[in-house]
Amino acid sequence: MRANKLRTGAIICVFFFIVSLAFHLMFIVSNRIIYYNPTDTIFHLTRIVGLENVWQSPVNFTTFAHHGTAMNLFYPWLTLYPAYWLYSLSRNLVWAYHVYCWLTTFATMLISYWAFHTLWPKRERAIVFALLYALNPYRISDIIARGALGEVIAMTFLPILLVGICQILRRDPRRWYILTIAMVLTAYTHNLSLLMNAVVILVALLVTWPRMTDRKVRLLAVLKAGAASVLLCLPSLLPMAQWSRANALIIPSAQRVYSTPLGQLLTATGLTDAFTNNIGLIFLVIMIILLVFSRRLNLTDRVLLGTTSLFPWGWLAWTPLIKIQFAFRLNCYISLLLAYLAAKNYPALTQPHRPWLPWAALLAVAGLMVGTDLTMTTTAYARAANRQVVLTNKRLAYLTHYYNHHDYGNAHYRDHPSIIDKNIFKLYNRRAWPRNTITPNTYTIRIANTSLTQAVFTIPVYHYAAQRVTVNHHASRGVLNKSGTTDVLIPPGKSVVRLTYHYDRLMLASAAVSLITLISLPVLIRRHII
């Protein structure tokens, strides 16, 4: 029996491996990345390169135009780090990026299969759910059109979130730690997705509350999951809060939450267009079929269907949900729920005289999803040929070092943008031309002060908390100026100014607390202490 399970599991893993590779292979062998401006592609590629020194410093001076942007602090990076491993091993950023996207799709399939099989132990339906969700058009558009790698990774963990919510609110609240796992993985991946997950949990709690049994036990389970998540996420959340409090930052702009009327969905012309950021034609058909047969759905399934594109999200336009930045991010949850409902209502095809039929049907589903995604990809490339940029390793060697990204820079940048945008040094309030030596951890400037008194030297590097400055190897102090960059007082004569960043005691303490929590939590759960 055990051998049969292992053999079946191996076959399913190989099946997912091949199907995921079938979509990504064309990108891997092309040795290029198609970039559309504006998208997040360059941003995330630069983040991958910038992880070179992440264990020593939250700032990499060699990336983001050498302005010392603290991306490794404000954008979670732990689940992105395998992409840097691939890059450091191959020194081929294009290959590393495409292989990482493929492995993310493969992991999404495996996690989705586990999640559905945990809730409903039906192998065929679990495979259908994994195929539908991992290859859903919105996720693919995130990869090929928007280059939103952070959101793509975060979507990998949404099936775990679904299991965690179901276990706490409907099934076994003692398995609250599943929800913790989902939230922690998301917290180390994508901040906006973490916020949206919290909203989803709150909505699920409110919807199920009237018919909920053992309310105290289940509510306590939610609190346990939340408390454990906070403790495990401290290295990501606490330093970010500390630096945000010390500096006024440039925050990505928000857009209103909106709803899409069903009639507009039915008449939309871009249901297979990667640039429309919608659920795609296949998922629209799934939603229509579910609507037609909605009487056969149970109450829970009807509620889930109602929270898809049919829900009037416009009612929430002026709530804190505006912080999700882009309203179409809701499509990742809509795709999850539609894939779940479609798989749950997938007909059983097992027949004694036709043992091949279930696998034939699964191959058809896989072929349909991969074929649709490849069609959507080639169509997008053809339609946007006039505004696409082909990125090669040679080109990326320049772009990842000189890409000037302003998110989470100091907000004072907006008042005097030329200091950063034109990389201007100033001495005596006049432009200076010093000599620089830049490494991932240090920014060294050699400058001559020809006056007989001390002078203010302006450096086009963002000023954050935990900045360390030395002048002629003696500790000094960097001061935040009106342009959001760093002012340093230098003596007469030649000076060597060195800027570095470090992880302060609060960051190290938060990491220690999370590590202790990670070690002790499994023991406490096994002994039924919590």
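Residues numbered from 1 in each chain as written. Predicted model: local features only at pLDDT ≥ 70, side-chain atom pairs only at ≥ 80, totals over all residues. Heavy atoms only, no water.

1. Side note on the sheet that holds strand β5 (residues 435-438)
Picture the strands of a sheet paired through backbone hydrogen bonds; they go either parallel or antiparallel.
Part 1 of the reasoning: Strand order in this open sheet of five strands is β5-β6-β12-β8-β9, and the pairing throughout is antiparallel. For this open sheet the edge positions go to β5 and β9 (474-476), each flanked by a neighbour on one side alone. Within this sheet the neighbouring strands show an average axis-to-axis angle of 25°, counted without direction.
Part 2 of the reasoning: Where strand β8 (residues 467-471) meets β9, three bridges bridge the pair, whose relative direction is antiparallel. (Pairing = 2+ DSSP bridges. Helix = DSSP H or I, 4+ residues; strand = E, 2+ residues; numbered from the N terminus. Axes fitted to C-alpha atoms, helices over the stretch in contact; angles between N-to-C directions.)

2. Let's talk about the nonpolar core
Part 1 of the reasoning: Membership of the largest hydrophobic core comes to 119 residues, with the highest contact counts inside it found for F16, I48, L131 and L161.
Part 2 of the reasoning: It is helix α5 (residues 93-119) that contributes the most residues to this core, 15 residues altogether.
Part 3 of the reasoning: With sequence-adjacent residues up to four places away left out, L161 is seen in contact with L179, A182, M183, N197, I201 and Y333.
Part 4 of the reasoning: Within the second largest apolar cluster, 37 residues are counted, among which are F64, M71, F457 and I459. (Core = buried A, V, L, I, M, F, W, Y, C linked by side-chain atoms within 4.5 Å. Buried < 20%, exposed > 50% of the residue type's maximum accessible area, 1.4 Å probe, protein only. Contact = heavy atoms within 4.5 Å.)

3. Let's talk about the sheet that holds strand β11 (residues 485-490)
Part 1 of the reasoning: Reading across from one edge, β4-β3-β7-β11-β10 is the order of the five strands in this open sheet, with antiparallel pairing throughout. If you trace the sheet from one side to the other, it starts and ends with β4 (430-432) and β10 (479-480), each paired once.
Part 2 of the reasoning: Alignment of β10 against β11, held across two bridges, turns out to be antiparallel. Within β11, the position partnered with V479 by the bridge is D487.

4. Focus on the pairing of strand β12 (residues 493-501)
Part 1 of the reasoning: Direction of pairing for strand β6 (residues 442-449) relative to β12: antiparallel, over a ladder of eight bridges. Along β12, the bridge assignment pairs R446 with V496.
Part 2 of the reasoning: When β8 meets β12, the two strands line up antiparallel, connected through five bridges. For V469, the partnering residue across the bridge sits in β12 and is L499.

5. Side note on the pattern of salt bridges
Part 1 of the reasoning: Inspection of every chain in the model, using the stated rule, returns three salt bridges.
Part 2 of the reasoning: Where salt bridges share partners, they join D142, R146 and E151 into one cluster. (Salt bridge = Lys/Arg side-chain N within 4 Å of Asp/Glu carboxyl O.)

6. Quick look at the packing of aromatic side chains
Part 1 of the reasoning: Under the defined criterion, the tally for this structure stands at 28 aromatic pairs.
Part 2 of the reasoning: Judged by centre distance (5.4 Å) and plane angle (80°), the ring pair of Y81 and W85 falls under edge-to-face. Remark: W85 and Y81 occur in helix α4 (residues 81-90); sequence separation between them is four residues, near one turn of the helix.
Part 3 of the reasoning: Through pairs of rings, three or more aromatic residues link up here, namely F43, F61, F64, F74, Y75, Y403, Y408, Y443, Y462, Y464 and Y501.
Part 4 of the reasoning: Residue placement shows R91 over the ring face of Y87; its charged tip is 4.4 Å from the ring centre.
Part 5 of the reasoning: Taking NZ or CZ as reference, R171 lies 4.9 Å from the ring centre of W120, over its face. (Phe/Tyr/Trp six-rings, centres within 6.5 Å; stacked < 30°, edge-to-face > 60°. Lys NZ or Arg CZ within 6 Å of the ring centre and 35° of its normal.)

7. Description of unusual backbone geometry
The general pattern is negative phi for most residues beyond glycine and trans for most peptide bonds.
Part 1 of the reasoning: Positive phi, close to 55°, is recorded for N31, a residue that is not glycine.
Part 2 of the reasoning: Among the residues examined, N31 registers a relative accessible area of 37% and is labelled partly exposed.
Part 3 of the reasoning: One non-glycine residue, H528, adopts positive backbone phi at about 60°.
Part 4 of the reasoning: Looking at where H528 falls in the secondary structure, it is placed in the segment after α21 (505-526).

8. Details of helix α11 (residues 191-208)
Part 1 of the reasoning: Taking 1.5 Å as the rise per residue, α11 with 18 residues should run 26 Å; its terminal C-alpha atoms sit 26 Å apart, in good agreement.
Part 2 of the reasoning: Within the span of α11, buried status applies to L192, S193, L194, M196, N197, I201, A204, L205 and T208.
Part 3 of the reasoning: In this structure, the buried side of α11 is in contact with α8 (149-155), α9 (158-169), α10 (177-187), α12 (215-232), α13 (234-246) and α17 (331-344). (Expected span 1.5 Å × (residues − 1).)

9. Thoughts on the packing of α9 against α11
Part 1 of the reasoning: The contact between α9 and α11 brings their axes to 11 Å, and the two run at 30°. Classified by the angle their axes make, α9 and α11 are roughly parallel. Handedness of the crossing formed by α9 with α11: right-handed. Between α9, through L158, L161, I165 and L169, and α11, the contact on the second element is made entirely by N197, V200, I201, A204, L205 and T208.
Part 2 of the reasoning: Among the residues forming the contact of α9 with α11, the class breakdown is eight nonpolar, two polar and no charged. (Parallel < 35°, antiparallel > 145°, perpendicular 65-115°, else oblique. Left-handed = near helix turned anticlockwise from the far one by under 90°. Nonpolar A, V, L, I, M, F, W, Y, C, P; charged D, E, K, R; others polar.)

10. Quick word on the confidence of the model for the chain
Part 1 of the reasoning: For the chain, the mean per-residue pLDDT works out to 86, and 86% of the residues sit at or above 70.
Part 2 of the reasoning: Here helix α14 (residues 262-267) stands out as the element of the chain with the lowest mean pLDDT, 50, in contrast to α10, whose mean of 97 is the highest.
Part 3 of the reasoning: The low-confidence segment residues 265-269 (pLDDT under 50) makes seven contacts with residues lying over four places distant or belonging to another chain.
Part 4 of the reasoning: Note on residues 308-312: pLDDT is under 50 here. Beyond four places in sequence and across chains, it has 18 contacts. (pLDDT = per-residue confidence, 0-100.)

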